[in-house]
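Summary of the model geometry
Listed below are the residues making up each chain.
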Amino acid sequence: MFFHMVLERNMQLHPRYFGPHLHEKLTSKLVKDVEGTCGGKHGFVVAVTKVESIGKGLIREGTGFVTFPVKYQCVVFRPFRGEVLEAVVTLVNKMGFFAEAGPVNIFVSNHLIPDDMEFQSGDIPNYTTSDGSVKIQKDSEVRLKIIGVRVDAAEIFCIGTIKDDFLGVINDPDAAS
Amino acid sequence: MSVEEEENAAELKIGDEFLKAKCLMNCEVSLILDKKYEQLQNMSDDPMSQTSQVFEKSLQYVKRFSRYKNAETVKQVREVLSRNRLAEFELCVLGNLCPETVEEAIAMVPTIKSKGRFQDDDAIDKMLRDLSMIKKFE
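Once a new chain begins, its residue numbering starts again from 1 and follows that chain's sequence as written. Both sets of labels track the order of writing: A upward for chains, 1 upward for ligands. Where totals are concerned, whole chains, interfaces and linings use all residues; where local detail is concerned, this predicted model gives features only for residues with pLDDT of at least 70, and gives and counts side-chain atom pairs only at 80 or more. The basis for the side-chain values is all heavy atoms of the structure; hydrogens and waters are excluded.

**A few points about the overall build of chain A**
A count of helices and strands for chain A gives 1 helix and 14 strands. For chain A, the C-alpha radius of gyration of 22 Å lies well beyond 16 Å, the compact-globule estimate for 177 residues. Dimensions of chain A, computed from the C-alpha atoms along their principal axes, are close to 70 × 35 × 30 Å. In this scheme, a residue with accessible area under 20% of its type's maximum is buried, one over 50% is exposed, and one in between is partly exposed, where area comes from a 1.4 Å probe on protein chains only. Relative to its 177 residues, chain A shows a buried fraction of 43%. In chain A, 59% of the contacts between residues at least 6 apart in sequence involve partners at least 24 apart. With the model as given, the accessible surface of chain A reaches about 9,200 Å², and the carbon-plus-sulfur share is 50%. Positive charges come from Lys and Arg alone, negative charges from Asp and Glu alone, with His and the N- and C-terminal ends not counted. The location of each charge is read from NZ of Lys, CZ of Arg, CG of Asp or CD of Glu. Here chain A carries 19 positive and 22 negative side-chain charges, and the mean point of each set is 12 Å from the other. Helix and strand assignments come from DSSP, with helices taken as H or I runs of at least 4 residues and strands as E runs of at least 2, each series counted from the N terminus. For the radius of gyration, the atoms used are the C-alpha atoms, and the globule rule reads 2.2 Å times the number of residues raised to 0.38. Contacts are assigned to residue pairs that have any heavy atoms within 4.5 Å of one another. Only the protein chains shown count as cover for residues, and the accessible areas themselves come from Shrake-Rupley with a 1.4 Å probe.

**Regarding the environment of A:Val84**
Here A:Val84 is to be found in strand β6 (residues 84–93). Along the primary structure A:Val84 and A:Gly64 are separated by 20 residues, whereas in three dimensions their C-alpha atoms are 49 Å apart. Not counting chain neighbours up to four residues away, the residues in contact with A:Val84 comprise A:Arg143, A:Leu144, A:Lys145, A:Leu167, B:Val93, B:Leu97 and B:Met108.

**A word on unusual backbone geometry**
Despite not being glycine, A:Phe166 has its phi angle at roughly 65°, a positive value. Following the sequence through the fold, A:Phe166 ends up in the loop between β13 (156–161) and β14 (168–169). Positive phi is not limited to glycine here, since B:Cys98 has a value of about 45°. Structurally, B:Cys98 can be placed in the loop between α7 (88–97) and α8 (102–108). By relative accessible area, B:Cys98 is classed as buried at 15%.

**Quick word on the nonpolar core**
Here, nonpolar core refers to any group of buried Ala, Val, Leu, Ile, Met, Phe, Trp, Tyr and Cys residues whose side-chain atoms link them within 4.5 Å. The biggest cluster of nonpolar side chains holds 93 residues, and the ones touching the most others in it are A:Phe2, A:Phe3, A:Val46, A:Phe97, A:Leu144 and B:Phe89. For this core, the element with the most residues is strand β5 (residues 66–77) of chain A, which contributes 8 residues. Setting aside chain neighbours within four positions, we find A:Val46 in contact with A:Phe2, A:Glu35, A:Val75, A:Val76, A:Phe77, B:Leu33, B:Val54, B:Phe55 and B:Ser58.

**Quick look at empty space enclosed by the protein**
Space inside and on the surface of the protein is sampled on a 1 Å grid over the protein atoms alone, with a cavity defined as a set of points where a 1.4 Å probe fits but cannot get out and a pocket as an open set with protein on both sides within 12 Å along at least 5 of 7 lines; lining residues have an atom within 4 Å of a point. Grid points are joined across faces, edges and corners, and a volume is the space filled by probe spheres set on the points. Scanning all chains against the criterion turns up 2 cavities of 30 Å³ or more. The calculated volume of the largest cavity comes to roughly 110 Å³. Along the walls of the largest cavity sit 13 residues, with A:Glu83, A:Leu85, B:Asn26, B:Tyr61 and B:Asn96 positioned nearest its centre. Of all elements in the fold, only β6 of chain A together with α7 of chain B reach the threshold of two or more residues within the lining of the largest cavity. Across the lining of the largest cavity, the residue classes tally to 9 nonpolar, 2 polar and 2 charged. Taken as a whole, the second largest cavity holds about 60 Å³ of empty space. Each residue is assigned to one class: nonpolar for Ala, Val, Leu, Ile, Met, Phe, Trp, Tyr, Cys and Pro, charged for Asp, Glu, Lys and Arg, and polar for all the others, Gly among them.

Rendered as structure tokens:
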């Protein structure tokens, strides 16, 4: 799920930037430092939307660098256990399939794929129902439920299921002709 | 570690900070990221070099999975859903997945049944029909 949050960060700046463009420099440094990163608490920082405030700088003893507390608004992506969302299948093998939802990778094990779907190997590996009516392969869109979230140093990894009601391949009525 | 084990979006246990934060539907994120991309294009010749992989992947994702395309409709969707006393998280999951039946809606967001916010299933059905009406006239 995407959230719009206000976060805080302490930014250090070298005295060479203490001029008329101090705030711009801090803003661009913030964006470079924070956009695209992933933290355990807030998930992935997708984009900084606004710098709310820059507090008074504090000179650090010994180095001359100054630390500024910066409050900023940003869009983050943080998956939750129990959340239902849509994703794109990126890889299919006999253990299950991998899907991507924005910056996050989700693995759905074959144990959590409905029993009536079987793995078919070949040029385009896929899971298909016995009557061939439903197929999951690379680039398929699926609706899945996240059942586990693991946070590593700089990445979030999820496991999901499509075994519950109303989960599985998305049939887009607009696409069907 | 224990905080993560207690988390469960199906029970709206997502932590205070996220419960109070503003949730964004995919279509809303799409508008925000589009604007940001435009700003980058105006400022430099090569906007692609300024964006992270996280940004690119998120942009692709919300473009692909947005049910509503223009800003007016997106605002309407939020208005319609806000008429019911939903938590931000519940509102956005419904806006993203657009369930067609009451049964589906409860499967996607189990908490709409709890806490007695909807008098009965008909109230949930009305909300879903209002939502699908917006899509029809987009």
